[in-house]
There are 2 protein chains.
Amino acid sequence: MKLVETLRIALLVASLAVVSAARAQPAGPLPSWNDGTARARIVAFVQAVTDKAGKDHVAPAERIAVFDNDGTLWSEQPAYFQLLFAIDRVKALAPKHPEWKTSQPFKAALEGDMKALAASGEKGLIELVMATHAGNTPEEFQKVVRDWLATARHPKFKRPYTELVFQPMLELLDYLRANGFKTYIVSGGGIEFVRAWSQQVYGIPPEQVIGSSIRTKYEVHKGVPTLVRLPEINFIDDKAGKPVGIQQHIGRRPIAAFGNSDGDFQMLEWVTAGPGPRLGLIVHHDDAGREFAYDRKSHIGRLDRGLDEGPKRGWTIASMKNDWKAVYPAAR
Amino acid sequence: MKLVETLRIALLVASLAVVSAARAQPAGPLPSWNDGTARARIVAFVQAVTDKAGKDHVAPAERIAVFDNDGTLWSEQPAYFQLLFAIDRVKALAPKHPEWKTSQPFKAALEGDMKALAASGEKGLIELVMATHAGNTPEEFQKVVRDWLATARHPKFKRPYTELVFQPMLELLDYLRANGFKTYIVSGGGIEFVRAWSQQVYGIPPEQVIGSSIRTKYEVHKGVPTLVRLPEINFIDDKAGKPVGIQQHIGRRPIAAFGNSDGDFQMLEWVTAGPGPRLGLIVHHDDAGREFAYDRKSHIGRLDRGLDEGPKRGWTIASMKNDWKAVYPAAR
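Attention here is on the structure that accompanies the text. Numbers given to residues run from 1 along each chain, matching the order in which its sequence is written. The naming scheme follows written order: chains are lettered A onward, ligands numbered 1 onward. Two thresholds apply to this predicted model, a pLDDT of at least 70 for residue-level local features and 80 or more for giving and counting side-chain atom pairs, whereas whole-chain, interface and lining totals are computed over all residues. No hydrogens and no water enter the side-chain calculation; it runs on all heavy atoms of the structure.

So, the overall build of chain A
Stage number 1. The secondary structure listing takes helices from DSSP runs of H or I that are at least 4 residues long and strands from runs of E that are at least 2 residues long, numbered from the N terminus. Tallying secondary structure elements over chain A gives 13 helices and seven strands in all.
Stage number 2. Against the 2.2 N^0.38 benchmark of 20 Å for 332 residues, chain A shows a C-alpha radius of gyration of 22 Å, consistent with a compact globule.
Stage number 3. Along the three orthogonal principal directions, the C-alpha set of chain A runs to about 80 × 55 × 40 Å.
Stage number 4. Only protein chains enter the area calculation, which uses a 1.4 Å probe; residues under 20% of their type maximum are buried, those over 50% are exposed, and those in between are partly exposed. The buried share of chain A, reckoned over its 332 residues, is 54%.
Stage number 5. Residues count as neighbours in contact if any of their non-hydrogen atoms are within 4.5 Å of one another. Put simply, of all contacts in chain A between residues at least 6 apart along the chain, 66% involve residues at least 24 apart. Radius of gyration: over C-alpha atoms. The globule rule applied is 2.2 Å multiplied by the number of residues raised to the 0.38 power.

So, the packing of helix 10 (residues 241-249) of chain A against helix 9 (residues 191-202) of chain B
Stage number 1. With axes taken as lines fitted to C-alpha atoms, and helix axes fitted only over the stretch in contact, angles between N-to-C directions fall between 0 and 180 degrees. Interaxial distance between helix 10 of chain A and helix 9 of chain B falls to 10 Å at its minimum, and their mutual angle equals 60°. One finds that helix 10 of chain A runs oblique with respect to helix 9 of chain B. Between helix 10 of chain A, through Gln247(A), Gln248(A) and His249(A), and helix 9 of chain B, the contact on the second element is made entirely by Ile191(B), Glu192(B) and Arg195(B).
Stage number 2. Here the contact of helix 10 of chain A with helix 9 of chain B is composed, by residue class, of one nonpolar, three polar and two charged. When an angle is under 35 degrees it counts as roughly parallel; over 145 it counts as roughly antiparallel; between 65 and 115 it counts as roughly perpendicular; any other value is oblique. Only Asp, Glu, Lys and Arg are considered charged, only Ala, Val, Leu, Ile, Met, Phe, Trp, Tyr, Cys and Pro nonpolar, and every remaining residue, Gly among them, polar.

Here we look at the environment of Ala256(B)
Stage number 1. Here Ala256(B) lies in strand 5 (residues 256-259).
Stage number 2. Setting aside its immediate chain neighbours within four residues, Ala256(B) contacts Phe45(B), Ile64(B), Ala65(B), Val66(B), Val271(B) and Leu279(B).

Looking at the relation of the copies chain B and chain A
Stage number 1. A residue counts toward the fit only if its pLDDT is at least 70 in both copies, and the copies are then superposed by least squares on the C-alpha atoms of those residues. By a simple turn and slide, chain B fits onto chain A: the slide is 0.0 Å along the axis, the RMSD is 0.0 Å, and the turn is 180°. One copy is carried onto the other by what is essentially a two-fold rotation axis.

Examining the packing of aromatic side chains
Stage number 1. Classification of ring pairs rests on two measures: the distance between centres of Phe, Tyr or Trp rings, Trp counted by its six-membered ring, which must be within 6.5 Å, and the angle between planes, read as stacked under 30 degrees, edge-to-face over 60 and tilted in between. A complete count under the given rule lists 40 aromatic pairs over all chains for this structure.
Stage number 2. Between the aromatic rings of Phe81(A) and Tyr161(A), the centroid separation amounts to 4.5 Å while the plane-to-plane angle is 55°, which identifies the pairing as tilted. Taken together, the residues Phe81(A) in helix 3 (residues 81-93) and Tyr161(A) in the loop between helix 7 (138-151) and helix 8 (167-178) connect sequence positions 80 residues apart. With respect to burial, Phe81(A) and Tyr161(A) carry one shared label: buried.
Stage number 3. Ring centres of Tyr218(A) and Trp270(B) lie 6.2 Å apart, and the angle between their planes is 85°; on these two criteria the pair is classed as edge-to-face. Here Tyr218(A), found in strand 3 (residues 209-221), pairs with Trp270(B), found in helix 11 (residues 265-272), and the two come from separate chains. When sorted by exposure, Tyr218(A) lands in the same class as Trp270(B), which is buried.
Stage number 4. Every member of this aromatic cluster is reached through a ring pair, and the members are Trp74(A), Phe81(A), Phe85(A), Phe141(A), Trp148(A), Tyr161(A), Phe193(A), Trp197(A) and Tyr202(A).

Looking at the environment of Val220(A)
Stage number 1. Inspection of the secondary structure puts Val220(A) in strand 3.
Stage number 2. For the pair Val220(A) and Asp304(A), spaced 84 residues apart in sequence, the C-alpha to C-alpha distance is 48 Å.

Notes on empty space enclosed by the protein
Stage number 1. For each structure, a 1 Å grid was placed over the protein atoms alone; sets of points admitting a 1.4 Å probe that cannot get out are labelled cavities, open sets with protein on both sides within 12 Å along at least five of seven lines are labelled pockets, and lining residues have an atom within 4 Å of a point. Grid points are joined across faces, edges and corners, and a volume is the space filled by probe spheres set on the points. One pass over the full model with this rule turns up one cavity of 30 Å³ or more.
Stage number 2. Its boundaries defined by the atoms lining it, the largest cavity holds a volume of some 70 Å³.
Stage number 3. Taken together, Lys182(A), Tyr184(A), Glu207(A), Gln208(A), His249(A), Lys182(B), Tyr184(B), Glu207(B), Gln208(B) and His249(B) form the lining of the largest cavity.
Stage number 4. In the lining of the largest cavity, the residues fall into two nonpolar, four polar and four charged.

Section: helix 8 of chain A
All names here are of chain A.
Stage number 1. Helix length check: helix 8, at 12 residues, gives a terminal C-alpha distance of 16 Å against a target of 16 Å (1.5 Å per residue), a fit within 8%.
Stage number 2. Listed in full, the buried residues belonging to helix 8 are Pro168, Met169, Leu170, Glu171, Leu172, Leu173, Tyr175 and Leu176.
Stage number 3. Check the buried side of helix 8 and you find it contacts helix 2 (37-50), strand 1 (64-67), strand 2 (182-190), helix 9 (191-202), strand 5 (256-259) and strand 6 (279-284).
Stage number 4. Backbone geometry just downstream of helix 8 places Gly180 in the positive-phi region, at approximately 85°. Expected span of a helix: the number of residues minus one, times 1.5 Å.

Some words on the pattern of salt bridges
Residues and elements named next belong to chain B.
Stage number 1. Each salt bridge in this description consists of a side-chain nitrogen of Lys or Arg and a carboxyl oxygen of Asp or Glu lying within 4 Å of one another. Taken as a whole and assessed by the stated rule, the structure comprises 42 salt bridges over all chains.
Stage number 2. For the salt bridge of Arg252 with Glu62, the shortest nitrogen-to-oxygen distance reads 3.2 Å. Remark: Glu62 occurs in the loop between helix 2 (37-50) and strand 1 (64-67) and Arg252 occurs in the loop between helix 10 (241-249) and strand 5; sequence separation between them is 190 residues.
Stage number 3. On the basis of relative accessibility, which here comes to 32%, the residue Glu62 falls in the partly exposed class.
Stage number 4. For the salt bridge of Asp287 with Arg290, the shortest nitrogen-to-oxygen distance reads 2.7 Å.

Let's talk about the packing of helix 3 of chain A against helix 6 (residues 121-133) of chain A
Residue and element names in this part refer to chain A.
Stage number 1. For the pair helix 3 and helix 6, interaxial distance at closest approach is 9 Å and the crossing angle is 60°. On the basis of the axis angle, helix 3 is oblique to helix 6. Considering the relative orientation of helix 3 and helix 6, their crossing is left-handed. Only Leu125, Leu128, Ala131, Thr132 and His133 of helix 6 make contact with helix 3, whose side of the interface consists of Gln82, Leu83, Phe85, Ala86, Ile87, Arg89, Val90 and Leu93. Crossings are sorted by hand: turned counterclockwise from the far helix by less than a right angle, the near helix makes the crossing left-handed, and turned clockwise it makes it right-handed.

A look at unusual backbone geometry
All names here are of chain A.
Stage number 1. Of the consecutive residues Gln104 and Pro105, the connecting peptide bond is found in the cis state with omega at 5°.
Stage number 2. When you line up the elements, Pro105 lands in the loop between helix 3 and helix 4 (106-111).
Stage number 3. In this structure, Lys158 is a non-glycine residue whose phi angle is positive, near 55°.
Stage number 4. Note that Lys158 resides in the loop between helix 7 and helix 8.
Stage number 5. Judged by relative accessible area, which is 61%, Lys158 ranks as exposed.

Notes on the sheet that holds strand 5 of chain B
Residues and elements named next belong to chain B.
Stage number 1. What makes two strands pair is DSSP finding at least two bridges between them. The strand order across the open sheet formed by seven strands is 4-3-2-1-5-6-7, and the pairing between neighbours is mixed. The strands lining the two open edges of the sheet, one partner per strand, are strand 4 (224-235) and strand 7 (316-319). In this sheet, neighbouring strand axes are inclined to one another by 35° on average, regardless of whether the strands run parallel or antiparallel.
Stage number 2. In this sheet, strand 6 (residues 279-284) lies alongside strand 5 in parallel orientation, the contact comprising four bridges. Directly across from Ala257, in strand 6, lies its bridge partner Gly280.

Description of the interface of chain B and chain A
Interfaces are frequently sized by the accessible area removed from exposure as the parts join.
Stage number 1. Taken residue by residue, the interface counts 39 residues in chain B and 39 residues in chain A.
Stage number 2. Throughout, the accessible surface (probe 1.4 Å) given up by two parts as they are put together, summed over both, is called the buried area. Interface area, chain B with chain A, both sides summed: about 3300 Å², of which 58% is carbon and sulfur.
Stage number 3. Among the residues of chain B in contact with chain A, Glu207(B), Tyr218(B) and Gln248(B) are the three that bury the most area, contributing 20% of the side total.
Stage number 4. Across the contact surface, chain B and chain A share four salt bridges.
Stage number 5. The shortest N-O distance in the salt bridge between Glu207(B) and Arg252(A) comes to 2.9 Å.
Stage number 6. Under the rule applied, a polar contact is a pair of N or O atoms within 3.5 Å (in protein, one hydrogen donor and one hydrogen acceptor; residues adjacent in sequence only if both atoms are side-chain atoms). Taken together, chain B and chain A are joined by 14 residue pairs in polar contact (both at pLDDT 80 or more).
Stage number 7. Within the residue set of the side of chain B that touches chain A, elements represented by two or more residues are helix 1 (2-23), helix 7 (138-151), strand 2 (182-190), helix 9, strand 3 (209-221), strand 4, helix 10 and helix 11 of chain B.
Stage number 8. Of the residues in the side of chain B that touches chain A, the class split is 20 nonpolar, 10 polar and nine charged.

Here you go:
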């Protein structure tokens, strides 16, 4: 019995030492967030749901947080990065498609004519996506995405796109996970596009990525079991589609949601309407100096209704300019 | 430094004590599996993928195992339990639908005429599912399922359906999870039907359930954000649909798959065609005494191609009669 007693005490002391070491972390959580309402609300929410003795305690299994990607976890200007990928992909595939030189939206993509591309409308954009995203397997497609990310550079910042992720949001992901949360991406972008790099960049595994998708078909091709991506829309994970995608993949209502545009409105609405403690937060792009400034009138990431109704609904509007000490991680 | 040294040694001793306690477990893993090829292959596979020094080591994140549900984790005779649920649901809803007394497939369901029900074909069954599964929210539907499970009894065994789960498979789920696996259900049955009880019965959370589904729509109904289940098929998670559902939800290829019928063939084919160590196992219902005996000619859970091709493909055929010491958990 004596050995057991000694071990128990030693373990207790050791575990206390670990706890105080964690608490002694000099910067505290979210070091790139300025002291202010946004940071305070996040910390208060996390403390409330993890406090076992508190009335707002939430069991770890129910600690699910959902994040929009474009404009919430990484930048989305001057155009969604996936669209820039599709344009580069048209250029790469053009030698096999001489007809693209004279037909829209491909001509516009090849000439980098964003105005003509926009004029091709949703129909044109879908055509562009189908021509550049289908016809291969998910694994092949992901490799194409990763190869592109390895060399492509953002037109303004001249950095890899995967470095144009928001440092405060990376810290938020880590902070939530350290407090027992499961973090999901719920993106209007393509599910396999995001999966290609979400583990490496955000620490989010493929099974925790929800997104728009094209149809996939299973077939045995020359004796090899294969999944083939088809040029047909399967699901659009945007606006009212986001709660639907969440239910389909997660099967329960998250308790925290993070977005930046009116495309995330229904997701925040759905998440924050549940019982118990809830956190809804919108990243407001108001920092023309360090990133971009846009909201009500932007064609990309328009934020209008959320700015008006969000505060009344108890959502936090995080100002990129005022709430964030840094926007991007330091250049490597 | 002395305290630290003491603690380190104490922790080391303590952790060794924990390890040997685990190893000393008298029955070893899978106590309800007889010693035989099936059990030996499962154990060898798990040891191989968890052996850090071995050539077949698989990182924990890639240790994903997928399980069919009907006939693999619980029984499926004399009819899929979800169909028996739908029939009981027709009876419960009948007072509001006087027209069902005279129209098929509802008349057959009300009269318990399984022959006439079968004669209504796939179209009739779909009609039955839509009338009994749609028009509510996922939460409401799950409550209906749980309420039914609380009182419904199996016609042959007179036990709750949730007790007609296979004890050896429950042990297998636990064994895999204890070895770092993430366990998923990939069911031809309804995703929300299974989610209603998968955590409680199998320890599988809703986000790890993949299944067939009807469409869901998000709307704000009288000021309340709501997901409504629509009477339209969204996805059929059966046969070639299973690898598609796996890719959609998990986004990577599992390394182990468990099924019992030709509806699982493509899932096992897809999983076991990947590189590195793979495990494919089929539960063969050959135990008329303790459960049911059926395979090539059964209308439910037909197993024909899998019996012929499975062994050639390296899949293990587990005989319920010979490989399992027990079929169901002891009655409570």
